[in-house]
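The primary structure of each chain is shown beneath.
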Amino acid sequence: MTASGENQTPRRSGRGRLYVTLGGIVLAAVVVGGIVERRVHVAHLKSAAQDAAIPRVQVILPQQGPKTRTLDLPGNISAWYQAPIYAQVSGYVQMWYKDIGAKVKAGEILATIDTPGLDAQYAASKANFDVAMARYRLAQITARRWRALQGTQAVSQQEVDVQVADAEVRQAEVEAARHEVSRYAALIGFKQLVAPFDGVVTSRRADVGDYVNAGGGDLSSRGTATELFSVADVHRMRIFVSIPQDYADIISPKLTGDVSVPQYPGRIFKAKFLATARAFNAGTRTVTTELVVDNDKHELWPDSYANIHFVAPGDPDILIIPEGALVFRAQGMQVAVVDEDNRIRLRNVTVGTNLGTKVQVLAGIGPKDRIVNNPSAGLLEGQKVYLVGATPGYNDAGATASPAVDKGDDVRAMPAGDSNANDAGVRQ
């Protein structure tokens, strides 16, 4: 029994040491594996962070300018002639004869005004004229008799001169009375409101019994005056449009425009150039330009809103890029160009006419330059970038865009304003 127990004790202790050794080996393997795995993760994260620090950009190619430029602007339609008609005599509206929308001829009566006060003044002026005429005739007879006695001892020369001068005074009084009669006669003529030209009555604010003021029109309760009638000549219409300074070069006697109005969807009226202000508005940097359109059927109405579509020649030799590709910095207007090593090169450019969403570039880029579309303000000179395709629904203009690509993928530069990312191949 004793010998057998002694043999088992060393055997057990040997197994225990074996187990301890194996456990240590396993533990060491776990520790070493964890360290190695952590270092691999750290290296991977470091690589991913470095990769993420490199910006992804979409590049486009400049396009040739359009052969024609289009411009749509709002405009104001005005009558060829439009005249507000006020009363020039005080009185009460006796009767009106033309309502709104009525077609009138020049000189046609619109309304009459009852002026009892003016009538009395006119009658008094004619009576004063008759009195002045009678006195003048008497003075003439008296002066003629005194001249007959001139040179005799019956009258002196002084008395003759006085009588002759008195006749001249009476003659002047007759002339003054005649002018007074003419003045009241002219006012009597204003008792009738007449149309100044052929046209349409666009407003009537006079009613029977209304009191109107001389030179003012219909008096409201606050004493303000308004016109009694308004007449417009609408056989032709004037259209006033404010053209931006960038498009002022299209203004010439050959300028034409397509006019559309909301009340006639799909209808186009042809307008021709009439005049321009030749000066810009300091607040809006636009120039007021006047067009004319025929309106024989009276379809266009005064004070209407209109949309004017202009088509002007363009310059295909000038490159264009989207406005979003421009960078505004202290160094001036720039674009970000991607070179052959996929590094950013900031170039100063000279821009020309703004075409709306695109702009002309007169100098600074070439037709094969890869330009960053919508560049970030943080892009720096010489910075490494990766090229990606267009984002669906954002910068692909609604077309199907290629998925975003990472470094090493084949990315194609899009022409400026084109949504197809597979038009012009540029290998990263």
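Keep in mind the model is a prediction, meaning the values are calculated, not measured.

Visitor: Give a detailed account of the UniProt feature "transmembrane region" (unreviewed entry) in the protein, specifying residues and quantitative values.
Guide: Per the UniProt record, the feature "transmembrane region" (unreviewed entry) sits at residues 18–36. End-to-end, the C-alpha atoms of residues 18–36 are 27 Å apart, and along that stretch the chain is 100% helix and 0% strand.

Visitor: Help me get a handle on the pairing of strand 19 (residues 332–338), residues and values and all.
Guide: Across the 7 residues of strand 19, 5 count as buried, placing the element largely inside the fold. Hairpin connection, strand 18 (residues 326–329) to strand 19: the antiparallel pair is bridged by 2 residues. Connecting the antiparallel pair strand 19 and strand 20 (residues 344–348) is a turn made up of 5 residues, with N342 showing a positive phi of about 60 degrees. Sheet topology places strand 19 next to strand 23 (residues 370–373); 2 bridges connect them, and they run antiparallel. Its bridge partner lying in strand 23, V338 is registered against R370.

Visitor: Help me get a handle on the packing of aromatic side chains, residues and values and all.
Guide: In total, this model carries 4 aromatic pairs according to the counting rule given. Measuring from ring centre to ring centre gives 5.8 Å for Y81 and F197, while their planes differ by 45 degrees; the resulting arrangement is tilted. One end of the pair, Y81, is in strand 3 (residues 68–85); the other, F197, is in the loop between strand 7 (192–194) and strand 8 (199–204), and 116 residues separate them in sequence. Judged by its relative accessible area of 18%, F197 falls in the buried class. Linked through ring pairs, W80, Y81 and F197 together constitute an aromatic cluster. If you follow R183 out to its NZ or CZ, it ends over the ring of Y184, 4.5 Å from the centre. The lysine or arginine in question, R267, covers the ring of Y264, its NZ or CZ lying 5.4 Å from the ring centre.

Visitor: Would you mind going over helix 2 (residues 116–148) in detail, with residue names and values included?
Guide: Between its first and last C-alpha, helix 2 extends 49 Å over 33 residues, near the 48 Å set by a 1.5 Å rise per residue. Within helix 2 the residues assigned to the buried category are L118, S125, F129, A132, M133, Y136, A139 and A143. Contact partners of the buried residues in helix 2: helix 3 (157–189).

Visitor: Explain the nonpolar core to me, and be specific about the residues and the numbers.
Guide: Counting residues in hydrophobic clusters, the biggest one holds 30 residues, and the most contacted among them are I239, I243, I250, L291, I308 and F310. Those elements giving two or more residues to this core turn out to be strand 3, strand 12 (229–244), strand 14 (269–280), strand 15 (286–294) and strand 16 (304–313). In this view, I239 contacts N76, I77, V259, A271, T289, E290, L291, V293 and I308; residues no more than four positions away in its chain are not counted.

Visitor: Residue-level account of the sheet that holds strand 17 (residues 319–322), with values.
Guide: The strand order across the open sheet formed by 4 strands is 2-17-22-21, and the pairing between neighbours is antiparallel. The two strands at the open ends of the sheet, each matched to only one other strand, are strand 2 (63–64) and strand 21 (350–354).

Visitor: Give me helix 3: which residues, what numbers.
Guide: Here helix 3 is 33 residues long and its end C-alpha atoms lie 49 Å apart, about the 48 Å a rise of 1.5 Å per residue gives. Along helix 3, the residues that are buried comprise V160, V164, A167, V174, A177, V181 and Y184. Close packing links the buried residues of helix 3 with helix 2.

Visitor: Hey, could you go over the environment of V388 for me, with residue numbers and the actual values?
Guide: As for its placement among the helices and strands, V388 is situated in the loop between strand 24 (386–387) and strand 25 (412–415). For the pair V388 and V59, spaced 329 residues apart in sequence, the C-alpha to C-alpha distance is 7.9 Å.

Visitor: Tell me about the pairing of strand 23, and name the residues and values.
Guide: Residues R370 and V372 line one face of strand 23 and the alternating positions I371 and N373 line the opposite face, and both faces are buried. Across 3 bridges, the pairing between strand 1 (residues 56–61) and strand 23 is antiparallel. The residue of strand 23 that forms the bridge with I60 is I371.

Visitor: An account of the environment of V208 is needed here, citing residue identities and associated values.
Guide: Take V208: it is sitting in the loop between strand 8 and strand 9 (211–213). For V208, a relative accessible area of 45% corresponds to the partly exposed category. As a C-alpha pair, V208 and A111 span 97 residues in sequence and 9.3 Å in three-dimensional space. Not counting the four nearest positions on each side in its chain, V208 is found in contact with V93, Q94, M95 and W96.

Visitor: How would you summarise the pattern of salt bridges if you had to cite specific residues and measurements?
Guide: Counting across every chain of the model gives 14 salt bridges. With a shortest N-O distance of 2.7 Å, D258 and K270 are connected by a salt bridge. Taken together, the residues span a long stretch of sequence, with D258 in strand 13 (residues 256–260) and K270 in strand 14 at a distance of 12 residues. For D258, a relative accessible area of 22% puts it in the partly exposed group. Among the residues examined, K270 registers a relative accessible area of 58% and is labelled exposed. E299 is the partner of R267 in a salt bridge, and the nearest nitrogen-oxygen pair spans 3.0 Å. With a gap of 32 residues between them, R267 in the loop between strand 13 and strand 14 and E299 in the loop between strand 15 and strand 16 connect regions that are remote in the sequence. Members of the salt-bridge network, linked through shared partners, are D166, R170 and E173.

About the thresholds
- Residues numbered from 1 in each chain as written.
- Predicted model: local features only at pLDDT ≥ 70, side-chain atom pairs only at ≥ 80, totals over all residues.
- Heavy atoms only, no water.
- UniProt positions renumbered as here; feature names shortened; annotations may be inferred.
- Helix = DSSP H or I, 4+ residues; strand = E, 2+ residues; numbered from the N terminus.
- Buried < 20%, exposed > 50% of the residue type's maximum accessible area, 1.4 Å probe, protein only.
- Pairing = 2+ DSSP bridges.
- Phe/Tyr/Trp six-rings, centres within 6.5 Å; stacked < 30°, edge-to-face > 60°.
- Lys NZ or Arg CZ within 6 Å of the ring centre and 35° of its normal.
- Expected span 1.5 Å × (residues − 1).
- Contact = heavy atoms within 4.5 Å.
- Core = buried A, V, L, I, M, F, W, Y, C linked by side-chain atoms within 4.5 Å.
- Salt bridge = Lys/Arg side-chain N within 4 Å of Asp/Glu carboxyl O.

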